[in-house]
Every structure is written in C-alpha cells, then in structure tokens.
Amino acid sequence: MAASKKTAFDYKALRAALKEGTVENLYVFTGEEAYLREYYLGEMKKELIPNFEEFNYHRCEGKGLSVRSLVEMTEAMPMMAERTLVIATDFDPFQLNESEREQFMDMVSDFPEYCTLILHYDLAEYKPNKVMKKLCKAMEEHFTVVEFHAQEKGELTAWVRRRCKALGKEIGAQAAEHLLFTCGSLMTGLVSEIAKICAYAKGDEVTVKDIDAVASPVIEAVVFRLTDAISAGKFDAAAEELAKLLQQQEEPIVILSHIGREMRRLYTARMAIDGGKDRAWLMELWNMRSDYPARLLMDAAKRVSTEWCREGVQQVQKLDRRLKSERGIDGEAELKLLLVRLAQGARR
C-alpha cells in the first residue's frame, strides 16, 4: 500500500468509491451516526463479498482481540473470490501495549492487497493519542478515516419523507422539521420513532399532533418546552416538563445543565433581537443545522427582556455551583424552586 497521507472524508466519498469500484484496503469508520455506519458496513460487504461469506468475511469484537488474531484474519487468502473483508468493532490500536503496537504497524505497512480491514468505532471513540507519534503516523499514512456525522437538514428531511412514504404516509416540511426537533437528528433513533408515528397516524399525512401524541422526545426538546413555558410565565406547564424528565430518572445536575444551555441560547436570541440580527446569525452562533429551532428561540425571546435572560443565566450558574459543591442538597426541590423564580420574573 502506498504511504501517502490519508485524509478524513464523509460517507459520500465512500459511496462514490463503492460505485466506482475503488475501495481501499484500510479504513476507520467513526462518528455518531450509527445508522449510516451500519448501512455502509453492509454496502462494503455486498460489494466485496458476493459469495463464500463463511471464508471471506470476518466480523469480530475488538475487546480482547489480539493483533496476532487480526493478522491471521487479514492474511487468510480469499476462497473462490477476489477479496476478503475484516471488520473489527471497537478495536483501538492506541490501547495496545508497545509490542502489539509494533506488530500492528508492521501489519498495516505491508498489508495484503486482497483484504479490506475496517476498524469500526461504535461504543469506543476514535481518538488518536498524539504521544504515540509512530502509530499516529502509521494511521495517517495507511488508513482512510470515514466520518459518519448527523446529516444536514435537506438530506435528513428527504430521508424522513422516504421513510414515511415507505410506511404509507406523507409528511409535510413543517411536520418533518418538528419531528427532527422533537426526536433528534440521528437516524438510528428516528427509524423506530417514524415507524411508531406512522402506525399511530390515522390520516394519509403525519401531522404535528401525531408526533406530539406518541413520539419520545429527546431531552433537548423537553428542556426547550420547559424553558419556553418559563419565558411565558407558565410555571405549571414548565413543572410538567420537569416532572417528565425526573420520571425518566434524569439526574437533576444533568437537567440543570440542559436548562443552562437553553437559557444561554434564549439570551443570545434576545441579544440578536436587540442588535437587529436575524435568525441566520443565531444559527451560525449555535451551529444549528435547521432554522426551525432558531425560529422557536426568536419567538420565545420576544416575550422576555434582556435583563430577565441575564438574571436567569446567572441563577442557573449559581445553582449549578451549589449542586456541585454543597452536600445534602435536594436537587429536585431546588430545580422546582428555580422554575418558580424564573416564571415569576417572566410575568413582570
């Protein structure tokens, strides 16, 4: 294998390589979008292993896997085929001892052309240890890193529509945006949520009401509803959202962290209004893939003052310090008291 430095690229480049028949020998698959990772592992298998899977395809867990075993799998000649494929899940070369690291680097420097090895990071994180300079160099020179990140709004919305259509339902742009806001942007979680919502929907088209009726919202969506209710001075509605999180056994300190983030976002939305900026500025500031949450934030910010936002952020920070430094504090009670104070301030 050539020793030119590899660069990270996304799944689109991998898709092109599969289509053009230019698949390489050594890959790292990483990123939070597990649905796409698994999909393209399957596509690699279909492309490289058309038959005699039991001889030419090896998928193994990295935990406890020795470099010697990995070498044996990668050096095994193909049986009635041109290629072999080895997928090692959560095998981290940077966790090997010095002797095994040397064996691993020897393997990749003289890797067989008939084999493709994929280091698939699922539960583990691909995080090169810069202290191990020789290994970092070997990874950079020989491995192509494919990063599977959450998709952009346009691609994800189109995918949601295709999934719904396959289940006999249509979904409009607004409902699709609400679905992504409510359930998150990772396809892995969306698959089951879309199936559940489509099964529930009575009409031909999925509505926002259908989504709200049966979807399991991510914590960010629940916290937004909580802070949105607070900004409107509706303590009871905010308390209901807090109760949902506590029933899900979310830790008070975790809930407070999310509330703090949402309050800071609300504060910056208020600053955008005061400074004559639009939601595009807010999207860039918070790295939002969709303008849907930006629109919601701007609407909420119109109901409150800059002073209320500032004081709210300060109150959250003060409680955060107390929860982390003082013993014996009732976190749930303190969260409820915080909501009371914020809601009362919003009514003024």
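Residues numbered from 1 in each chain as written. Predicted model: local features only at pLDDT ≥ 70, side-chain atom pairs only at ≥ 80, totals over all residues. Heavy atoms only, no water.

Further remarks concern the nonpolar core. One recurring pattern in soluble globular proteins is that nonpolar side chains are buried together. Ile259 and Trp308 are the most contacted members of the largest nonpolar core, which totals 40 residues. Membership of the second largest hydrophobic core comes to 37 residues, among which are Tyr11, Leu14, Leu48 and Ala215. (Core = buried A, V, L, I, M, F, W, Y, C linked by side-chain atoms within 4.5 Å. Buried < 20%, exposed > 50% of the residue type's maximum accessible area, 1.4 Å probe, protein only.)

Here we take up helix α15 (residues 292-301). Most of α15 sits out of view: 7 of its 10 residues are buried. Structurally, α15 contributes buried residues whose contacts are with α8 (173-183), α11 (219-231), α13 (252-274) and α14 (279-285). (Helix = DSSP H or I, 4+ residues; strand = E, 2+ residues; numbered from the N terminus. Contact = heavy atoms within 4.5 Å.)

With that settled, consider the packing of α8 against α15. When two helices pack together, their arrangement is given by the angle between their axes and by how far apart the axes lie. Between α8 and α15, whose axes approach to 9 Å, the crossing angle comes to 80°. What the angle tells us is that α8 and α15 run roughly perpendicular. For the pair formed by α8 and α15, the contact residues are Glu177, His178 and Phe181 on the first element and Tyr292, Pro293, Arg295 and Leu296 on the second. Classifying every residue of the contact of α8 with α15 by side-chain character gives 4 nonpolar, 1 polar and 2 charged. (Axes fitted to C-alpha atoms, helices over the stretch in contact; angles between N-to-C directions. Parallel < 35°, antiparallel > 145°, perpendicular 65-115°, else oblique. Nonpolar A, V, L, I, M, F, W, Y, C, P; charged D, E, K, R; others polar.)

Further remarks concern the pairing of strand β2 (residues 26-30). For β2, a buried count of 5 out of 5 residues is recorded, marking the element as mostly surrounded by other parts of the structure. Side-chain alternation along β2 places Leu26, Val28 and Thr30 on one buried face and Tyr27 and Phe29 on a second face that is also buried. Pairing between β2 and strand β5 (residues 115-120): 4 bridges, direction parallel. Considered in β5, the bridge of Leu26 is made with Leu117. (Pairing = 2+ DSSP bridges.)

A few words now on unusual backbone geometry. Look at Phe52: it is not a glycine, yet its phi comes out positive at around 50°. The residue Phe52 is located in the loop between α2 (34-48) and α3 (53-56) in this model. Accessibility expressed as a relative area gives 35% for Phe52, which makes it partly exposed. Phi is positive for Met80, which is not a glycine, with a value near 55°. By the secondary structure assignment, Met80 is in the loop between α4 (67-75) and β4 (84-89). Accessibility expressed as a relative area gives 63% for Met80, which makes it exposed.

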